[in-house]
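So you can see what is in the structure, the chains are spelled out below.
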Amino acid sequence: MTDPLTSDFKHAPYWWDAAPLTGSPGGALAPSYDVAVIGSGYTGLRAALTLARAGRGVAVFDKEKPGFGASRRNAGFLGRTLKHAYVDLKAAKGAAYALSIYRDLSMAYESTLAFIEAEGIDCHAVRCGRLIAATSAAHYAGLERELEGMRTDLGLPYAMLPRARLREEMASDLYDGGAVIPDLGSLHPGLYHRGLMTRALEAGVTIFGECDVTAVERGGQGDGFRVTTSAGRTRARDVLVATNGYTPKSLPWHARRVIPFTGYMAATEPLPPDLLAKQLPHRRTVIDSNLDIDFFRPAPDSSRLLFGGATANGLEDPAAIAALLHGRLRRALPDLADVRLSHVWTGQCAGTFDMMPHVGRHDGVWYGMGYNFAGVPMGSFFGLKIAQKILGSPDGATAFETAAFPTVPLYRGDPWFLPLAMRWFAWKDARLARRGDRR
Ligand SMILES: Cc1cc2nc3c(=O)[nH]c(=O)nc-3n(C[C@H](O)[C@H](O)[C@H](O)COP(=O)(O)OP(=O)(O)OC[C@H]3O[C@@H](n4cnc5c(N)ncnc54)[C@H](O)[C@@H]3O)c2cc1C
C-alpha cells in the first residue's frame, strides 16, 4: 500500500468526531473558592462534581480547552489494571497488601460502571470482555499463573484459550493463544468525559478553559492557598492537582514524581461489517501480553477498528506515526493490510517510579495521578476518593494512599531515560518469552 491514509484523514482523536472539544470561558474569577481543581479530565471533574453536589464552590482550571488531556484521547478500555501482576505483588509485599490493592482496583472498575449507569451517561459502556493475547508460549503460561492466582484469591473469572482456538476471538495467527476475561468492559471515552463535564456544570462547577495555573502558594490572608492563573489570582481552601501526564514544571513536586510518556492510537476507515466481525467476532477489547502493549478494539459507534501501541516511540509526524501503526495492524490482523487509516492521534500518560498510581496530599495540596495507562477507572475513582477526603468522609480511604510517592535524584520531569526504559521492557518481554522467567 502506498498511502495508508484516507483522503479525509484527521490528525485528531476519533472520539472528537462525536465529542468535539468546546470552549468554557468560565467568566470572571471569583476572589475565592472552596476548592480549586487543576486539570479537567476524569480525575478533576469527578472530584469537582462530587464536591459541588455537597455544596462546595468549585473552580476547575485547564490550560487548554476542557477535556484536552488523555481523558478524551484514550482507548476506552475499562479494567482492573495494574503494572504489577497480583501474584508478583503478593510475593513481594504480602497477601494482605496485594488483596487490598486489587480489591480497590475492582472497586474502581465497578464503581465507574455503576456511576455511569446511575448518571445515565450515554457513552457505550459495556461489559464486552477482554482478550489478552499471549506473545509467546512462556507469556501464555505466565498469564495462566497470574489469572489463576486472581481467581483463587479474588474470585475473578477467566478462561484460557490455546493457540489452536485463538481464531474464535481474533482473526490472527500472531499470538500463542491467550486468555479471555469475560467481565471487563469498554466505553466511548469522549462521550464519558462530555457526560461528566455536563453534569459538573449543571451541579454549579465553574470551568475555566484555556486558563493556565502557574503557581499555587500556601498562605496569604487566612487559611488555604493563593492560586495564580493566566486569568488572574484567586484563593482556595483546598487545591487538587489532577494533571497526570500533562503535569507542568510549575508544580515541581508533582512533576518530579510522574514520568510523562506518549501513547499512540489510530482508527481505520469504516470497514465492511462482515470484515470487522471477522476480526473481533465477540467485539471484545484486546491487548497483548507484553509490558509495552499493542491494543485493539471495535469502535463502539461505527464499523471502524481502533488500535494503538508503539508507546513512547518518540515520533511526532502524523504520516510517520500512521506508517508505524499500520505496520502493527498488518502484523496482527493481516486481513486489514489494505485498509486505510482515517485518524491518528497521541496523548500523554503518566508513569511513576514504582509503577503504582498515587493519591494523597503533599504540603496541604491534594493530588491523584500516575495511572500508568489505566486512568479511565482509576482517575474516576481517585477523583471521588479525594472529594470524599476533602468533605471529611471516611469513605475517602483507599489502599493506594501511601506516605511515599517516590522520585529519583536529579529528576525534574524530563524523562530522558524513556527510550532506555522501553528497551528494558522489550528485553524483559523477550527474556520471559525465551526462558519463562517471572517478570
Ligand atoms: C493513547 C492513550 C490510550 C489510553 N488508553 C487507556 C485505556 O484504554 N484505559 C484506561 O484506563 N486508560 C487509558 N489511558 C490513560 C487515561 O486516558 C488517563 O490515565 C486518564 O485520562 C487521566 O485522566 P486525568 O483526569 O488524570 O488527566 P487528563 O485527562 O490527562 O487531564 C489533565 C489535564 O490537565 C491540564 N493541565 C496541565 N497543566 C495545567 C495547568 N498548569 N493549568 C491548568 N490545566 C493544566 C491539561 O491540559 C489536561 O487537560 C490512555 C491514555 C492515552 C494517552
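Below you will find a few notes about this structure. (Residues numbered from 1 in each chain as written. Predicted model: local features only at pLDDT ≥ 70, side-chain atom pairs only at ≥ 80, totals over all residues. Heavy atoms only, no water.)

With respect to burial, strand β13 (residues 258–268) is a largely interior element, 10 of its 11 residues being buried. Sheet topology note: the β13/strand β17 (residues 341–352) ladder contains 11 bridges and is antiparallel. Bridging across to β17, alanine 266 finds its partner in valine 344. One ladder, built from three bridges, connects β13 with strand β16 (residues 305–308); its direction is antiparallel. Bridged to alanine 266 within β16 is phenylalanine 307. (Buried < 20%, exposed > 50% of the residue type's maximum accessible area, 1.4 Å probe, protein only. Helix = DSSP H or I, 4+ residues; strand = E, 2+ residues; numbered from the N terminus. Pairing = 2+ DSSP bridges.)

To continue, consider the environment of alanine 430. Mapped onto the elements of the fold, alanine 430 is located in helix α11 (residues 418–435). You can call alanine 430 partly exposed: its relative accessible area is 32%. Between the C-alpha atom of alanine 430 and that of asparagine 244, which follows or precedes it by 186 residues, the distance is 30 Å.

A separate point is the packing of helix α4 (residues 95–119) against helix α10 (residues 375–390). Contact pair α4 / α10: the axes reach a minimum separation of 8 Å and the direction vectors enclose 90°. As the angle between them shows, α4 and α10 are arranged roughly perpendicular. On α10, the residues that touch Asp104, Leu105, Met107, Ala108, Tyr109, Ser111 and Thr112 of α4 are Val376, Pro377, Met378, Ser380 and Phe381. Taken together, the residues of the contact of α4 with α10 sort by class into eight nonpolar, three polar and one charged. (Axes fitted to C-alpha atoms, helices over the stretch in contact; angles between N-to-C directions. Parallel < 35°, antiparallel > 145°, perpendicular 65-115°, else oblique. Contact = heavy atoms within 4.5 Å. Nonpolar A, V, L, I, M, F, W, Y, C, P; charged D, E, K, R; others polar.)

This part is about the site of the ligand. Around the ligand lies a shell of 36 residues, among which Thr43, Asp62, Ser71, Phe77 and Val376 are the nearest. The side chain of aspartate 212 places a nitrogen or oxygen atom 3.0 Å from a nitrogen atom of the ligand. Take tyrosine 246: an N or O atom from its main chain is 3.4 Å from a nitrogen atom of the ligand. Within the complex, the protein chains bury 98% of what would otherwise be the 1000 Å² of accessible surface of the ligand. Mapped onto the shell around the ligand, the elements with two or more residues apiece are α2 (42–53), β13, β17 and α10. Looking at the shell around the ligand, its residues break down into 18 nonpolar, 13 polar and five charged. (Near = heavy atom within 4 Å. Polar contact = N/O pair within 3.5 Å; in protein donor to acceptor, adjacent residues only side chain to side chain. Areas by Shrake-Rupley, 256 points an atom, 1.4 Å probe, with all protein chains shown as cover.)

This brings us to the environment of valine 180. One can find valine 180 in strand β7 (residues 178–181). Placed 99 residues apart in sequence, valine 180 and threonine 81 show a C-alpha to C-alpha distance of 14 Å.

The subject of this paragraph is the packing of aromatic side chains. All chains considered together, the criterion is met by 21 aromatic pairs. The interplanar angle of 15° and the centroid separation of 5.1 Å between the aromatic rings of phenylalanine 61 and phenylalanine 208 together place this pair among those described as stacked. You can see phenylalanine 61 sitting in strand β3 (residues 58–61) and its partner phenylalanine 208 sitting in strand β9 (residues 206–208), a full 147 residues away along the chain. Comparing phenylalanine 61 with phenylalanine 208 shows no difference in burial state: the two are buried. Aromatic side chains tryptophan 253 and phenylalanine 405 sit 5.9 Å apart centroid to centroid with 85° between the ring planes, which places their arrangement in the edge-to-face category. Of this pair, tryptophan 253 sits in helix α7 (residues 252–255) while phenylalanine 405 sits in the loop between α10 and α11; the two residues are 152 residues apart in sequence, bridging distant segments of the chain. A residue is classified by how much of its surface remains accessible, and tryptophan 253, at 21% relative accessible area, is partly exposed. Positioned above the aromatic ring of phenylalanine 68, the side-chain terminus of arginine 73 is 4.6 Å from the ring centre. (Phe/Tyr/Trp six-rings, centres within 6.5 Å; stacked < 30°, edge-to-face > 60°. Lys NZ or Arg CZ within 6 Å of the ring centre and 35° of its normal.)

In this structure, alanine 52 sits in helix α2. A C-alpha to C-alpha distance of 9.7 Å links alanine 52 and aspartate 34, two positions 18 residues apart in sequence. When neighbours within four sequence positions are excluded, alanine 52 is seen to be in contact with Val58, Ala203 and Val205.

Below, the discussion takes up the pattern of salt bridges. In this structure the tally under the stated criterion is 20 salt bridges. Between aspartate 176 and arginine 163 there is a salt bridge, and its shortest N-O distance comes to 3.2 Å. Placement of aspartate 176 in the loop between β6 (159–161) and β7 and of arginine 163 in the loop between β6 and β7 is noted, with a sequence separation of 13 residues between them. By relative accessible area, aspartate 176 is classed as partly exposed at 24%. (Salt bridge = Lys/Arg side-chain N within 4 Å of Asp/Glu carboxyl O.)

At their nearest, the axes of α2 and α10 sit 7 Å apart, and the two run at 35° to each other. Remark: the crossing between α2 and α10 carries right-handed chirality. For the pair formed by α2 and α10, the contact residues are Tyr42, Thr43, Arg46, Ala47, Thr50 and Leu51 on the first element and Gly375, Val376, Gly379, Ser380, Gly383, Leu384, Ala387 and Ile390 on the second. Of the residues assigned to the contact of α2 with α10, the class counts are seven nonpolar, six polar and one charged. (Left-handed = near helix turned anticlockwise from the far one by under 90°.)

A few words now on the nonpolar core. Within the largest apolar cluster, 76 residues are counted, with the highest numbers of intra-cluster contacts made by Val58, Tyr192 and Phe400. Per-element tally for this core: the top contributor is α4, with 10 residues. Leave out the neighbours within four places in its chain, and phenylalanine 400 touches Leu82, Ile101, Asp104, Leu105, Met356, Pro357, Val359, Met378 and Phe382. If you look at the next biggest cluster of nonpolar residues, it comprises 27 residues, including Ala266, Leu276, Ile321 and Val344. (Core = buried A, V, L, I, M, F, W, Y, C linked by side-chain atoms within 4.5 Å.)

On to the sheet that holds strand β14 (residues 285–288). Read across the sheet, nine strands follow the order β1-β17-β13-β16-β15-β14-β5-β7-β6 without closing on themselves; strand pairing throughout is mixed. Of all the strands in the sheet, the pair left with one neighbour each is β1 (5–10) and β6. This sheet shows a mean twist of 25° between the axes of neighbouring strands, independent of strand direction. Across the sheet, helix α9 (residues 318–332) lies against β1, β13, β15 (295–298), β16 and β17, angled at about 90° from β17, the strand it touches most.

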